[in-house]
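Secondary and tertiary structure notes
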Amino acid sequence: MTIQKVEVERFSLTSSKPFDAVVAALKSAVGQPDIVEFFRATRAAKSFPDLERIVQSGVGRTDLMLFAEFDLGDILRRETGSKTPKLIRLVVGNPLIMKEMVRHAPDAGSYAPVTVLIDERPDGVHVSYDKMESYLLHYGSSEALAVARTLDAKITTLLRECTS
């Protein structure tokens, strides 16, 4: 048994835009395939080129897609009866990017696809992302780190666009 400590860098922005506008901007930039159909189609793909075509049809202009959405604030609002807090977790990524990281650092599969957290606070809408490079740094794979840096740049650029 081994236990390793993984230090993570969190990228965070605070926006004065309304919560719903930030969420809408982010969702409009990523593909939103019917995820059940997407996974059925990827499992049924007969070749890697077929799989690539399926993935490419599911990604948005950012080369990313939405895998899952968790409205964490809904759970809190049900308890309090309030309209706040607004807090949502979006799981986004691209299976082809994940494949490249996992090829060089198998543990990358624990971290991809990635989470974007959007929450409304008194000082604005906070958008956070834990950088993939920081997760993979201690695995020592320069190839995986190169892919992670590219992914981090895609995500952080997207978050800057959605919050400004």
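In case you missed it, the structure is sitting above this.
Calculation rules
Residues numbered from 1 in each chain as written. Predicted model: local features only at pLDDT ≥ 70, side-chain atom pairs only at ≥ 80, totals over all residues. Heavy atoms only, no water. Helix = DSSP H or I, 4+ residues; strand = E, 2+ residues; numbered from the N terminus. Contact = heavy atoms within 4.5 Å. Salt bridge = Lys/Arg side-chain N within 4 Å of Asp/Glu carboxyl O. Buried < 20%, exposed > 50% of the residue type's maximum accessible area, 1.4 Å probe, protein only. Pairing = 2+ DSSP bridges.

**Here we look at the environment of Glu 161**
Residue placement: Glu 161 occurs in helix H7 (residues 142-163). Between the alpha carbons of Glu 161 and Ala 29 there is a distance of 9.6 Å; along the sequence they are 132 residues apart. Residues contacting Glu 161, with those up to four places away along its chain left out, are Lys 17 and Arg 61.

**Side note on the pattern of salt bridges**
Taken as a whole and judged by the stated rule, the model has 15 salt bridges. In this structure, Asp 20 engages Lys 86 in a salt bridge whose closest nitrogen and oxygen atoms are separated by 3.6 Å. Placement of Asp 20 in helix H1 (residues 19-29) and of Lys 86 in the loop between helix H4 (72-80) and strand E3 (87-93) is noted, with a sequence separation of 66 residues between them.

**Overview of the pairing of strand E5 (residues 124-130)**
Summarising burial for E5: 7 of the 7 residues are buried, a large majority. Bridging between strand E4 (residues 114-121) and E5 involves 6 bridges; their strand directions are antiparallel. Looking across to E5, one finds that Ile 118 is bridged to Val 127. Joining the antiparallel neighbours E4 and E5 is a turn of 2 residues.

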